[in-house]
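# Observations on the model geometry
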Amino acid sequence: MKLFIHRKDLRTHDLAGFDYLKESGAESLHLLIIDPFLLRKHREKEHSGINFLGHAHRLMRQYHKHQRELHIAYGKPEDVLDAILEQYEIDEVVAHRDFTPYARERDRKLAHVAKQHGAEFTLLLDHMMIHVEPFTDFTGKDGYYKVFSAFHRKWLDFLDTNPNPVSPVSLGELKVSKQKLELSEQFKLPFAMDDFKPADDPQSKLEQFVKGKIKDYGEERDYYAIDPSSELNPHLVAGALSVREMYSSAIDREQSEEWIRQIAFRDFYLYQAIYDENYFQYEKKYDLSALDDRHFEAWYKGETGIPVIDASMRQLNETGCMHNRLRILSAMFLTKNLQCPFTLGEQYFRRKLLDYDNIINRGNWMWCASLGVNASPYFRVVNAVTQSAKYDPEGDYIRQWLPELKHLSAKEIHQPRPDAIVDLKKSRAAAIDVYKGIVNSL
Ligand SMILES: Cc1cc2nc3c(=O)[nH]c(=O)nc-3n(C[C@H](O)[C@H](O)[C@H](O)COP(=O)(O)OP(=O)(O)OC[C@H]3O[C@@H](n4cnc5c(N)ncnc54)[C@H](O)[C@@H]3O)c2cc1C
């Protein structure tokens, strides 16, 4: 019998692991491990944890609907696996690959436990559009792409000749074992799944988006006050929706290029995390000693006196959502105008974002902070006030999140408040000076 472990792939169709199980013809036991490490610091009460657990609850229901058994265990993955392999005749453990340092170490430990029990440990690539090894062969490049535009061109060519279609295999076609798992008390969930509202179905949202808003995405994607983007990402990061489904539902639609380009962007950051050995340690490579956390609290509480920044942080704190343009403004403001290390903002987003993803979050924070291989130039410091006036000309977004400024005119509402913690012009000049030193310290 095989053991399939769900991770960031909380769905019951189009999974590389399901294709593999179907092909093998073997019976399989299906497991989701809730890892206490990933819920430390009460993340189950933060938006990112609530999103994941809401999707876990939805997955449980889907298994139930298919009359299949999904076992849920709570504990260190290697301990859970050890207990299961001790009790059951399992010859192979199957899961999907992940590239964060924590995931790599976890999988190293799981491989070790599997080996001790004489079982195979198979990791499959599921959550990227491209398969990285064939892609690397296809590029014929010595080394990897460091710049997105060149990567993007090759990515499109590669998918033209190496399509990665949605799999027709779904849970109902697998021989899922009906055996009960008898795990000891220590592996029982310390909370009830019912405490988490099951996440909504992403399929109808995807369908609506590709039939409607996708054609305006290229022109309107930055106009955050009118909700121009798909808002599918919380489903994608939990794996309730596969990237193949997103790509294949959009690729033949007119004017879908810009949206597809964003999917390539996601693959690009995942690809960087695989090939750039410094991806997770740039903060140790640069000299960031000129930066400090003086203004961090004002930033995360939305009390900087720059209306668009405060509005976006209030939205984030309350809902876990923040549009991409606002993430850029708020990250550049923190790292550049407030001269705060990017890692503090990165960690704050980890707790707060509904669609938090370690690799994508880090790549974007580094881009904003002008660090790493694919970074904005150090002298790029966007002006939050002019961007606010450009993308939200009536100030509707600010009025929604800062009702105390409702009375101000469309012209006044974007302007720094009298008690703003920094002067945008002066802090921009200072940031350019400091970041010139930082980027040259590598
Ligand atoms: C500082 C900062 C932090 C971020 N943190 C995260 C994070 O933790 N998790 C995360 O998934 N994204 C993150 N992003 C990227 C981006 O903001 C979100 O992917 C996007 O806002 C999701 O919105 P949407 O669901 O409407 O997707 P759409 O705008 O409809 O885009 C479709 C898909 O394209 C991908 N995408 C879009 N923008 C980007 C981007 N800039 N980089 C990589 N992929 C992108 C996403 O997978 C998304 O599902 C961050 C961006 C910044 C500037």
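Residues numbered from 1 in each chain as written. Predicted model: local features only at pLDDT ≥ 70, side-chain atom pairs only at ≥ 80, totals over all residues. Heavy atoms only, no water.

Operational definition: UniProt positions are given in the numbering used here, feature names are shortened, and annotations may be inferred rather than shown by experiment.
As recorded in an unreviewed UniProt entry, the chain goes by Deoxyribodipyrimidine photo-lyase and comes from Paenibacillus hunanensis. Listed in UniProt under the heading Cofactor (unreviewed entry), the comment for the chain reads: "FAD". In its Sequence similarities (unreviewed entry) section, UniProt records this for the chain: "Belongs to the DNA photolyase family."

### Focus on empty space enclosed by the protein
To keep things clear, this is the line we draw: Both site types are read off a 1 Å grid over the protein atoms alone. A 1.4 Å probe that fits but cannot get out defines a cavity, while an open set with protein on both sides within 12 Å along at least five of seven lines defines a pocket; lining residues have an atom within 4 Å of a point. Grid points are joined across faces, edges and corners, and a volume is the space filled by probe spheres set on the points. Residue polarity follows a fixed list, in which Ala, Val, Leu, Ile, Met, Phe, Trp, Tyr, Cys and Pro are nonpolar, Asp, Glu, Lys and Arg are charged, and the others, Gly among them, are polar. Throughout, the edges of the domains are those of an automatic or database domain assignment. Strands are runs of DSSP state E lasting at least two residues, helices are runs of H or I lasting at least four, and both sets are numbered from the N terminus onward.
One pass over the full model with this rule turns up 3 cavities of 30 Å³ or more. Quantified by volume, the largest cavity comes out at close to 100 Å³. When grouped by side-chain class, the residues that make up the lining of the largest cavity number 4 nonpolar, 3 polar and 5 charged. Among the domains, domain 1 (1–126) and domain 2 (127–165 + 203–275) are the pair contributing at least three residues each to the lining of the largest cavity. Lining the second largest cavity are F268, Y269, Q272, D276, Y279, Y282, G363, M366, L371, G372, V373 and N374. At the level of elements, helix 11 (257–275) and helix 17 (358–368) are the ones that each hand at least two residues to the lining of the second largest cavity. Top contributing element to the lining of the second largest cavity by residue count: helix 11, with 3 residues. Split into classes, the residues belonging to the lining of the second largest cavity amount to 7 nonpolar, 4 polar and 1 charged.

### A look at the packing of aromatic side chains
What counts, and what does not: Ring geometry is summarised as follows: Phe, Tyr and Trp rings, the Trp one being its six-membered ring, pair when their centres sit within 6.5 Å, and such pairs are stacked at plane angles under 30 degrees, edge-to-face over 60 and tilted between the two. Exposure is judged per residue with a 1.4 Å probe applied to protein chains only, and the accessible area is read against the type maximum: over 50% gives exposed, under 20% gives buried, and values in between give partly exposed. We call a charge positioned over a ring when the NZ of a Lys or the CZ of an Arg lies within 6 Å of the ring centre and within 35 degrees of the ring normal.
One pass over the structure, following the stated rule, counts 34 aromatic pairs. A ring pair is formed by Y223 and Y391, whose centres lie 5.1 Å apart and whose planes are at 80°; its orientation type is edge-to-face. Highlighted residues: Y223 in the loop between helix 8 (214–220) and helix 9 (233–238) and Y391 in helix 18 (residues 384–391), separated in sequence by 168 residues. On the basis of relative accessibility, which here comes to 29%, the residue Y223 falls in the partly exposed class. Ring plane angle 55° and centroid distance 6.0 Å describe the contact between F268 and Y269, whose orientation is recorded as tilted. Considered together, F268 and Y269 belong to a single accessibility category, that of buried residues. Clustering of aromatic rings is evident, with ring pairs tying together F135, F138, Y144, Y145, F148, F151, F158, F265, F268, Y269, Y271 and Y275. Of note, K146 hangs over the ring of Y144, and the distance from its end group to the ring centre comes to 5.1 Å. The ring of Y435 carries the charged tip of K336 above its face, separated from the ring centre by 5.3 Å.

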